[in-house]
Amino acid sequence: MLKHITPHVFKLMNNLKIMGLLSLQQQQVRPLLPSLVRMSLCSSLDTSAEWQEKRKYLLQLLSGIDAVNDIIALLSVDFHDLEEDARKEQQTRMKLGTANSTEGSIAASVKRQGIVLEFERSEPSRRFRIVLSELLPILMQLDSNESHVLNAVVESELFSCDAYLQDVSDVLCILCAELPSLLKLTLVAETLLYFPNGTSILCKLVANNPESFLPICNGLLRINNTTHESRNRTFDENMRSKALHALCRMSPECALTIRNLCVQNCQLPELVVLLTLDNSNVEVVDRVKGIKQMCRKSVSDLVAFVCGLLLGNDSKVRSWFATYVRHQKDDTDCRLREELLNELRDVVKTSEVNETGNETRKSESEELIAAEALPMHLLLDENCLSAAALIRLYCAMKVIAGIKFSKEESDLLLRLITCFPPLTPAGIRFVSLALGMLLACPALITGTSQEKQVVSWIKWLACRSSEMESVGPDGCSFAEQLLLTAIHLHGDRYTAAVRLACATLGMRVKVSPSSLGKLRHIFTEEVFPTHVVAAHATKIPVTKNLNAAMPGYLPVHCIYQLLKTRTFSQSRVPVKDWIYKQICSAESPLHPQLLHLVTQYVNTVVTPLNKAHNTHHDGIRNEPFTESQILSVFGIKSLDDKNVTSFIDPKSTFSLTSKLLMLYYVLLYEDMILNNMKTLALLPCCPSRYSSGLINMIPVKFLLHKAQRLPKSCQGLYPALLGLLTTHLPHLCLVEDWMQDLDYLLPNSMTSSILLKGHDFTNSIEKGRINITAKQLYNGLQKSIVNPAPALMHLQTLSHPNISAEDVIPFADALTSGLPFILDDKVSRRVHQEAQKLWLKLNSIVPRKLWVLTINALQSSLIKSKSSRVGGNLQPITFDHLVDNPLLPLTVDVRVLHCPELLSVMLRILSACLSASRSQSSALLRANPTLDSKPTNPRSTSPLGNNAPVTEAEKEELRSALNAAQNSAAVQLLIEICLSSDEDGKDMSLNLLTYQREVQCLVCSTLHQMFIEDPNVAKLVHFQGYPSKLVATLVAGVPSMHICLDFVPELLQQSQPSQQLFGIELAAQLCLHYSLPKSLSIARLCVNVIATLITVVPLNDRCAYFSRAITALPNFAKAFPPVVRECVSILQQLGRIAHAHIASHHPHIISQQVSSDEDWSFETVAEFEKSLKSNEKDPLDSHVRLYQDVRATFYKIVQNAVPV
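Residues numbered from 1 in each chain as written. Predicted model: local features only at pLDDT ≥ 70, side-chain atom pairs only at ≥ 80, totals over all residues. Heavy atoms only, no water.

1. A word on the overall build of the chain
Secondary structure summary: the chain contains 66 helices and 2 strands in total. Look at the contacts in the chain between residues 6 or more apart in sequence, and 76% of them connect residues 24 or more apart. Accessible area for the chain stands at about 56100 Å²; split by element, carbon and sulfur atoms hold 53% of it. (Helix = DSSP H or I, 4+ residues; strand = E, 2+ residues; numbered from the N terminus. Contact = heavy atoms within 4.5 Å. Areas by Shrake-Rupley, 256 points an atom, 1.4 Å probe, with all protein chains shown as cover.)

2. Section: the confidence of the model for the chain
In the predicted model, the chain carries a mean pLDDT of 80, and the fraction of residues at 70 or more is 81%. Across residues 99–103, confidence stays below pLDDT 50; counting only partners more than four residues off in sequence or on other chains, it has 10 contacts. Scored below 50 in pLDDT, residues 1155–1160 makes 9 contacts in the model with residues more than four places away or belonging to other chains. (pLDDT = per-residue confidence, 0-100.)

3. Considerations on the pattern of salt bridges
Should the charged atoms of two oppositely charged side chains come close, the side chains can pair. For the structure on display, the rule yields 30 salt bridges. In this structure, aspartate 236 and arginine 240 form a salt bridge, with 2.7 Å as the shortest nitrogen-oxygen distance. Residue aspartate 236 and its partner arginine 240 are located together in helix H16 (residues 230–250), separated by 4 residues, close to a single helical turn. As far as burial versus exposure is concerned, aspartate 236 and arginine 240 are alike and both buried. (Salt bridge = Lys/Arg side-chain N within 4 Å of Asp/Glu carboxyl O. Buried < 20%, exposed > 50% of the residue type's maximum accessible area, 1.4 Å probe, protein only.)

4. Structural notes on helix H31 (residues 530–539)
Every buried residue belonging to H31 is among Val533, Ala534 and Ala537, and all of these are buried. The buried side chains of H31 occupy one side of the element, clustering within an arc of 95 degrees when seen end-on. Among the exposed residues of H31, those pointing more than 90 degrees away from its buried face are His531 and Lys539. Check the buried side of H31 and you find it contacts helix H28 (478–490), helix H32 (555–564), helix H33 (567–571) and helix H34 (576–584). (Arc of directions from axis to C-beta.)

5. A closer look at the side chain of threonine 816
Within the secondary structure layout, threonine 816 lies in helix H47 (residues 812–818). The exposure class of threonine 816 is buried, given its relative accessible area of 2%. Those residues within four positions of threonine 816 in sequence are excluded, and the remaining contacts are Leu850, Leu853, Thr854 and Ala857.

6. Brief notes about the side chain of serine 212
Checked against the element boundaries, serine 212 lands in the loop between helix H14 (198–208) and helix H15 (213–221). The exposure class of serine 212 is buried, given its relative accessible area of 7%. Among the polar contacts listed, one links the side chain of serine 212 to the backbone oxygen of asparagine 209, at a separation of 2.6 Å. (Polar contact = N/O pair within 3.5 Å; in protein donor to acceptor, adjacent residues only side chain to side chain.)

7. Section: the packing of helix H19 (residues 301–311) against helix H23 (residues 384–399)
Relative orientation of the contacting elements H19 and H23 amounts to 45 degrees, with a least axis distance of 9 Å. Here H19 is positioned oblique relative to H23, judged by the angle of their axes. Where H19 crosses over H23, the handedness of that crossing is left-handed. Side by side, H19 and H23 meet where Val303, Val306, Cys307, Leu310 and Leu311 of the first sit next to Ala389, Leu390, Arg392, Leu393, Ala396 and Met397 of the second. Of the residues that constitute the contact of H19 with H23, the class distribution is 10 nonpolar, no polar and 1 charged. (Axes fitted to C-alpha atoms, helices over the stretch in contact; angles between N-to-C directions. Parallel < 35°, antiparallel > 145°, perpendicular 65-115°, else oblique. Left-handed = near helix turned anticlockwise from the far one by under 90°. Nonpolar A, V, L, I, M, F, W, Y, C, P; charged D, E, K, R; others polar.)

8. Description of the packing of aromatic side chains
This model, assessed by the stated rule, comprises 22 aromatic pairs. Relative to phenylalanine 195, the ring of phenylalanine 159 has its centre 4.7 Å away and its plane inclined at 40 degrees; by these criteria the two rings are tilted. Of the two residues, phenylalanine 159 is situated in helix H11 (residues 157–160) and phenylalanine 195 in the loop between helix H13 (185–192) and H14; the sequence distance between them amounts to 36 residues. Each member of the pair phenylalanine 159 and phenylalanine 195 is classed as buried. Between tyrosine 1026 and phenylalanine 1062, the aromatic rings sit 4.9 Å apart at their centres with planes inclined by 80 degrees, giving edge-to-face as the arrangement. Separated by 36 residues along the polypeptide, tyrosine 1026 in the loop between helix H56 (1015–1024) and helix H57 (1031–1037) and phenylalanine 1062 in helix H59 (residues 1057–1073) bring together distant segments of the chain. With respect to burial, tyrosine 1026 and phenylalanine 1062 carry one shared label: buried. A connected cluster of aromatic rings, assembled from ring pairs, spans Tyr580, Tyr601, Phe625, Tyr665, Tyr669 and Tyr690. (Phe/Tyr/Trp six-rings, centres within 6.5 Å; stacked < 30°, edge-to-face > 60°.)

9. What to know about the packing of H59 against helix H60 (residues 1077–1093)
In the contact formed by H59 and H60, the axes pass within 10 Å of each other and the chain directions differ by 145 degrees. Between H59 and H60 lies a crossing of left-handed hand. Where H59 abuts H60, its residues Gln1060, Ile1064, Ala1067 and Cys1071 lie against Ser1079, Ile1082, Ala1083, Cys1086, Ile1090 and Leu1093. Each residue belonging to the contact of H59 with H60 can be placed in one class, and the counts come to 8 nonpolar, 2 polar and no charged.

10. Considering the state of the cysteines
Evaluation of the coordinates by the stated rule reveals 0 disulfides. Of all cysteine sulfurs in the structure, the one in cysteine 1004 sits closest to cysteine 978, which takes part in no disulfide; the separation is 5.2 Å. (Disulfide = S-S within 2.5 Å.)

11. With respect to unusual backbone geometry
The amide bond that connects serine 588 to the next residue, proline 589, takes the cis arrangement and shows omega of 0 degrees. Position of proline 589 relative to the elements: it lies in the loop between H34 and helix H35 (592–606). Unlike most non-glycine residues, cysteine 266 shows phi in positive territory, near 55 degrees. With respect to the helices, strands and loops of the structure, cysteine 266 is situated in the loop between helix H17 (255–265) and helix H18 (269–280). What makes cysteine 266 buried here is its relative accessible area of 13%.

12. Notes on helix H12 (residues 165–178)
Relative to the 20 Å expected for 14 residues at 1.5 Å per residue, H12 spans 20 Å between its end C-alpha atoms, a close match to the ideal helical length. Counting buried positions over the 14 residues of H12 gives 11, a clear majority of the element. Looking at H12, one finds that the buried residues are Leu165, Gln166, Val168, Ser169, Asp170, Val171, Leu172, Cys173, Ile174, Leu175 and Cys176. (Expected span 1.5 Å × (residues − 1).)

Structure, rendered in structure tokens:
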């Protein structure tokens, strides 16, 4: 039998420590002789003195060993001839087939006598051939991937003989060393697995070739599962595991490396277990005294490693090892379970407390367990980590590997779970995992005694939860987990309770709801009734600096679940202060549960629990936050606080996340009240809305501006916030404002750099600093008529992209106060442009405050003079005034309306005010619904209508009428701006004409947006009418004017001649601009109407009516030539009527001034008037003017038809 090679011997051989080998006994050195003797005989490439010295000691080592002579004899063989014979033998066997393993020149001679006897009598060369004859058949099968036919150890008399096993192994070691191309070590190692004593020979082979340790192990780990049948795979894996285990015992330093290779390749799980068991504990056993001492780590290597396999992130490894644990039934698996059970026994045994011991720890919980007379288990602090690891491991083995606990394991686990740990972070982690395992494995509670044990343990946890809160790590509290578990079990949400346990244990657990019946009874009846849960939840301190980076279950989870089940309302426990404190303690990034908490809290504040509750004092709703609480979060002292910069205090104690959450609360509260107002109005105590001043004081756009630049502060909150803003504050969500916010920071490239070059402000701008004051800006604007340079420099500095928008908020008052000084025509237009740029920058942060300041600064001088004549002071306009009267922006100084840059500012304010007014009217309508609880009487016919309540449809109709009236009034005022610009621009210079064109473009763009938003506004405005001279301007400048084609027929049907004429003029311009098939039908309709009215219009109105009507005919004829015939017919008919009237009433004009029907030399009425005699003093008859208008109109039609 081969001598086992110890790790010490292998280490010496691996490091070639000759002096260490000299100290060994001959029996220990004997397995290494093939390599050592060959090393001493062969010439070495190392010619150093050190090796020469070592070689002397090596010869000294070999000099006293008798077996060296036999090794030398083996090394004296001609290995070249031997290799040639072996290769011929291989070729012969390949021709005959590997199955004929008994054929061959060497085997034939061995048949006649036993191989052992032959080996004994043979000379060295013959011994080599005998060993080769045994190895080659198996080696060739493995080399040709035919190992699937090998399902057992082959019968070999030579390898089974213990007497010659040492000699056989020597021969094999020398063969591998001398014939490396024929006998590869990795293939020989795999071949030895199928021979008796192959593992021992393999260890000796590796010991003689220590550098091949890892390659041979890697070769043994390469198992081709596709070529193995299931019946052979188990045998093959067992043999490889046995061999690798023996190699690892020979070199323990490489055991962990081999174990890692097995795990990476998902091969040989039994070897993984064996290596882990060998490395799990360091034991020193004193056999004489019978004392076993263990130097155990805080968490043993066995527990840690198995936990890593079953709970790791690699699903392939997890499934591979779980399958092995689930199906293995041999002794190895039992050893794993037994070792884990020993670990469990040791931890539980150290936690047992005698009746007379540890009185201090006992007195702390004796009130809870004295009545039951239960044994105490006090877990030591040094055992908390190992106990927690064991809990996770056994849960993983049950959940993932699917094993069933034995009775002893179940009892020990329950005793471990119900231990009383110390109040340390490790102890709190232990009880958290213990509670999770209790939910994941409810079958551990099998009897009444176990149930009492669990009840006493949970009661102790509930009593000590506040202490655990203070001792535990930040952001992770066991008290919340315990409370949240009780909440879930109260609501029969077993899935949620199990999910909580899964999150704690870090694994997926499937638990039947029926198996949690005992635990539900313990939590809901014995420890946590409903009122206890609610009262206990509000006493838990809020989480300081709550953010998304905090793991685990926090108090916010518990409060949310209790709000969801209305526990606070039912138990009449106030929760407002707790939620307010938690919102104020929020930090970035936003914790996702806070959004749900605020939503659920608002739901419990607004909506009642059920219809049976009638009053607020019955606990159907929670109390909302007060206005002072809300304003304090934003740094505003009260609603009367006029400080525009109070909310940008850098020393504010509240974070941006808290402010965004409070803004979300206010908007959601308003939304839910309006949505449920019909139901709430029936309650005796309806929740009241917050005042409009509260929402106006909140810096909404400032917060959104910050949130866009700090997205982590509002993860998940921003979309919900925008949805509420577009519903309740649409004036802050205008599309053009959002688009402008992306562009207002862009510099004017070359121009701004040239103007700023050479000034001291350049460096400060690059560094983002502001070196000017609000007073300097105001003084610069005030003197901009004389010297615009300071104003330009200050405005460009403040509007530069390197200066953040929030830094220029203190300059809002100075900017708006200085706007009246730049209205003069002598002020450079560049000042206007830079002032507009800075205004837009401020508009992205503080729009409502800026609007109010701008309107108050630019109020019309006429309004101010009227106020001074009355003797009273002009009351400043507030934002509420702008909402009530959205036309106030157009009552500013008329010079503002003629300045394109300031007009664009006014138009933006106008759009926002109209949007705010519409939103306010809609909110008022929803806030005052018509109650349908009582039957209403028929509508009264009295003027007051006191007996007839207004229906919702009528209210909506009135609201729509109000909005339409406001929009139409705004449109009329805007049209007047175009009219005044047209009138004022008759004798303007080129620059002023550019102003006029820009003003008209701005007005037309605004009208286009209003018409697209509500087409009914366009219809209402055109039925009201406006100056005819602006029809062409609006049709050309407003792209949406084509919608007027739909209601032109209605205009023509009106009884008022002015509306009919306006409709004809409008249709003429539309047809000229939109030459569509639909326009052709409108043109024909208008021509037919004119032709019909020739015989209908009275004599007194005929001339004035048709002189204006026929001006549209050239446009109809130009746009659609097919109607030229009808137009000419109308002109001929009108010409005859006028000619006849002139002939009968003014014959002298006929003879002197009016030409015949064939004379069309006069083109216009003005030309005709010049042709009159200078001594003619009678006023020209209207028919004469009509006659000349007809002639001029005809000339235009002809001119359009035949261009010159």
